[in-house]
Amino acid sequence: MENAAFDSCDEIRKDELSTEVKPDLEVTNGLELKRKVGLFSGVALIVGNMVGSGIFISPGGVLQRSGSVGLSLIMWAACGLLAIHQPGSLSYAELSTLIPKSGGEYSYLIDGLSPLHPFWGPLPAYLYSWISVLLLRPTTFAVGCSSCASYTIYPILASMGLCLGTETEDLLIKVTAHSGLITALNCYSVGWTIRFQNFFTVAKLVAIAVLIGCGIYQLSTGETQYLAQGFEGSTTEFGTIATAFYGGLWAYDGWYQDRGCVESAGYCSYICSGN
């Protein structure tokens, strides 16, 4: 099963490695790839994918469902170990070097299974692409948009001294999340979208650093009353522990985005070509 959009990537990569990089790269099928992503922007894009909104959403839920500080810390440590040592991360790293194509899981499935059978081989890739488009990606984007709207609306209302009802605030957040501002920005200009991405990636890392620094400062001043409670009040229900564990995994789910680092390394002459 041939796919010109993905198969052309091999020709592009060979041309980039063997010839001097030109201002515009013309693909044999008539498409043209414009270089809008620089080195910093490429790194910011990957970091932004790996460090998503989960880290700002999950902590409260994990602590609430765990019931204690001690158990919540164990949940976070277990989720981190699973994200680091799971075979999936190593498999993605290996597949990224063997199949340096855009498309992620679709490319891996289509290249790996298509030779087995003319119909059943490409079927998993086909099903995954539709499931990703219709279910996985939209739900992820919905959570991200809702989080962005919440962290935008609440500070604005607080700075203006407004106290709206719960239903009104929820409606305002939903309207903001569905406003399509990010979509409009992506449609308007790739350059401005990249600047937007870079700014918020840096802001996200700064916010995380500030939170960590504030926590360390509080501990250094003797504010350890919550840690002193240990495992007091820990839940013993398996279902609640499972949901707490899942909440932690949500913050770590960007591990599969590390394939972008390897793919970017394979196309370094494209990414580093300038803005």
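For every chain, the first residue of its written sequence is number 1, and the numbers climb from 1 along that sequence. Note on the predicted model: pLDDT of at least 70 is required for a residue's local features to be given, and 80 or more for side-chain atom pairs to be given and counted; whole-chain, interface and lining totals, by contrast, use all residues. Side-chain numbers come from the whole structure's heavy atoms, not from hydrogens or water.

- Looking at an unreviewed UniProt entry, one finds the protein named B(0,+)-type amino acid transporter 1 and attributed to Daphnia galeata.
- UniProt positions are given in the numbering used here, feature names are shortened, and annotations may be inferred rather than shown by experiment. Under the UniProt heading Subcellular location (unreviewed entry), the entry covering the protein gives this text: "Membrane".

1. A closer look at the overall build of the protein
Here comes step 1: Counting secondary structure elements, the protein contains 14 helices and two strands.
Here comes step 2: Scored against the burial criterion, the 275 residues of the protein give a buried share of 28%.
Here comes step 3: Note on areas: Shrake-Rupley, 1.4 Å probe, and residue coverage restricted to the protein chains presented here. Accessible area for the protein stands at about 17700 Å²; split by element, carbon and sulfur atoms hold 68% of it. Runs of E in the DSSP output that reach at least two residues are strands. Runs of H or I that reach at least four are helices, and both are numbered from the N terminus. Three labels apply to residues, based on accessible area from a 1.4 Å probe with only protein chains included: buried if under 20% of the type maximum, exposed if over 50%, partly exposed otherwise in between.

2. Notes on the nonpolar core
Here comes step 1: Only buried residues count toward a nonpolar core. Its members are Ala, Val, Leu, Ile, Met, Phe, Trp, Tyr and Cys residues joined through side-chain atoms within 4.5 Å. Among the nonpolar cores identified, the biggest contains six residues, and these are Val62, Leu71, Met75, Trp76, Ala244 and Ala251.
Here comes step 2: Taken together, the elements giving at least two residues each to this core come down to helix H4 (69–85) and helix H12 (238–252).
Here comes step 3: Among the elements that take part in this core, H4 stands out by supplying three residues, more than any other.
Here comes step 4: Those residues within four positions of Trp76 in sequence are excluded, and the remaining contacts are Ser58, Pro59, Val62, Gly248, Ala251 and Tyr252.
Here comes step 5: Ranked by size, the runner-up nonpolar core spans five residues in total, among them Ala149, Leu157, Ile173 and Ala177. Residue contacts are counted whenever heavy atoms from the two residues lie within 4.5 Å of one another.

3. Considering the side chain of Ser114
Here comes step 1: Along the chain, Ser114 falls in the loop between helix H6 (105–113) and helix H7 (123–160).
Here comes step 2: Side-chain atoms alone can form a polar contact between residues adjacent in sequence; in general such a contact is a pair of N or O atoms within 3.5 Å, and within protein one must be able to donate a hydrogen while the other accepts it. A distance of 2.5 Å separates the side chain of Ser114 from the backbone oxygen of Ile110, its partner in a polar contact.

4. Points about the packing of H7 against helix H8 (residues 166–177)
Here comes step 1: Here an axis means a line fitted to C-alpha atoms, over the contact stretch when the element is a helix, while the angle between two N-to-C directions is reported on a 0 to 180 degree scale. Across the interface, H7 lies against H8 with an axial gap of 8 Å and an inter-helix angle of 125°. One finds that H7 runs oblique with respect to H8. As H7 packs across H8, the resulting crossing turns out to be right-handed. Between H7 and H8, the contacting residues are Cys145, Ser146, Ala149, Ser150, Ile153, Tyr154 and Leu157 on the first element and Glu169, Leu172, Ile173, Thr176 and Ala177 on the second.
Here comes step 2: Class assignment for the residues of the contact of H7 with H8 results in eight nonpolar, three polar and one charged. Convention used here: angles under 35 degrees read as roughly parallel, angles over 145 as roughly antiparallel, angles from 65 to 115 as roughly perpendicular, and any remaining angle as oblique. Take the far helix as your reference; a near helix turned counterclockwise from it by less than a right angle gives a left-handed crossing, and one turned clockwise gives a right-handed crossing. Amino acid classes used here: Ala, Val, Leu, Ile, Met, Phe, Trp, Tyr, Cys and Pro are nonpolar; Asp, Glu, Lys and Arg are charged; the rest, including Gly, are polar.

5. Digging into the pattern of salt bridges
Here comes step 1: Within this document, salt bridges are pairs made up of a side-chain nitrogen of Lys or Arg and a carboxyl oxygen of Asp or Glu, the two lying within 4 Å of each other. This structure, assessed with the given rule, holds one salt bridge.
Here comes step 2: A salt bridge links Asp111 to Lys101; the shortest N-O distance between them is 3.1 Å. Here Lys101 lies in the loop between helix H5 (87–98) and H6 and Asp111 lies in helix H6, a separation of ten residues in the sequence.
Here comes step 3: In this structure Asp111 comes out as partly exposed when scored by relative accessible area, which is 31%.
Here comes step 4: Accessibility expressed as a relative area gives 6% for Lys101, which makes it buried.

6. Regarding helix H2 (residues 39–50)
Here comes step 1: Across its twelve residues, H2 extends 17 Å between first and last C-alpha, which sits within 8% of the 16 Å expected from 1.5 Å per residue.
Here comes step 2: Listed as buried for H2 are Ser41, Gly42, Ala44, Ile46 and Gly48. What a helix is expected to span follows from its residue count: subtract one and scale by 1.5 Å.

7. Examining the UniProt feature "transmembrane region" (unreviewed entry) in the protein
Here comes step 1: The UniProt feature table records "transmembrane region" (unreviewed entry) at residues 37–57, 69–88, 127–154, 175–194 and 200–219.
Here comes step 2: Secondary structure content for residues 175–194 is 80% helix and 0% strand, and the end C-alpha separation is 25 Å.
Here comes step 3: The span residues 200–219 is 100% helix and 0% strand, and its two end C-alpha atoms sit 28 Å from each other.

8. Brief notes about the side chain of Ser68
Here comes step 1: Following the sequence through the fold, Ser68 ends up in the loop between helix H3 (54–66) and H4.
Here comes step 2: Take Ser68: its relative accessible area is 4%, and that puts it in the buried class.
Here comes step 3: Only 2.5 Å separates the side chain of Ser68 from the side chain of Ser234, close enough to count as a polar contact.
Here comes step 4: Not counting the four nearest positions on each side in its chain, Ser68 is found in contact with Leu63, Gly230, Phe231, Glu232, Gly233 and Ser234.

9. A closer look at a nonpolar patch on the surface
Here comes step 1: The grouping of Tyr126, Leu127, Trp130, Ile131, Val133, Leu134, Leu135 and Leu136 at the surface amounts to a nonpolar patch, some 810 Å² of accessible area in total.
Here comes step 2: Mapped onto the elements, Tyr126 comes out in helix H7. Think of a patch as exposed residues, more than 30% relative accessible area, with no salt bridge, where like charges cluster within 9 Å and nonpolar side chains (Val, Leu, Ile, Met, Phe, Trp, Tyr) cluster within 5 Å.

10. Comments concerning the packing of aromatic side chains
Here comes step 1: Between rings of Phe, Tyr and Trp, where Trp is taken as its six-membered ring, a pair exists when centres lie within 6.5 Å; planes separated by under 30 degrees are stacked, by over 60 edge-to-face, and by other angles tilted. The final tally for this structure, using the stated rule, is four aromatic pairs.
Here comes step 2: When the ring of Phe119 is compared with that of Trp120, the centres are 4.9 Å apart and the planes differ by 80°; the resulting orientation is edge-to-face.
Here comes step 3: Relative accessible area serves as the criterion here: at 56%, Trp120 is assigned to the exposed category.
Here comes step 4: Plain terms: the ring middles of Phe199 and Phe200 are 5.2 Å apart, the flat faces sit at 90° to each other, and that makes the pair edge-to-face.

11. Some details on the environment of Val37
Here comes step 1: Tracing the backbone through its elements, the reader meets Val37 in the loop between strand S2 (32–33) and H2.
Here comes step 2: Residue classification places Val37 among the partly exposed positions, given a relative accessible area of 23%.
Here comes step 3: A sequence separation of 157 residues divides Val37 from Ile194, and the C-alpha atoms of the two residues are 7.4 Å apart.

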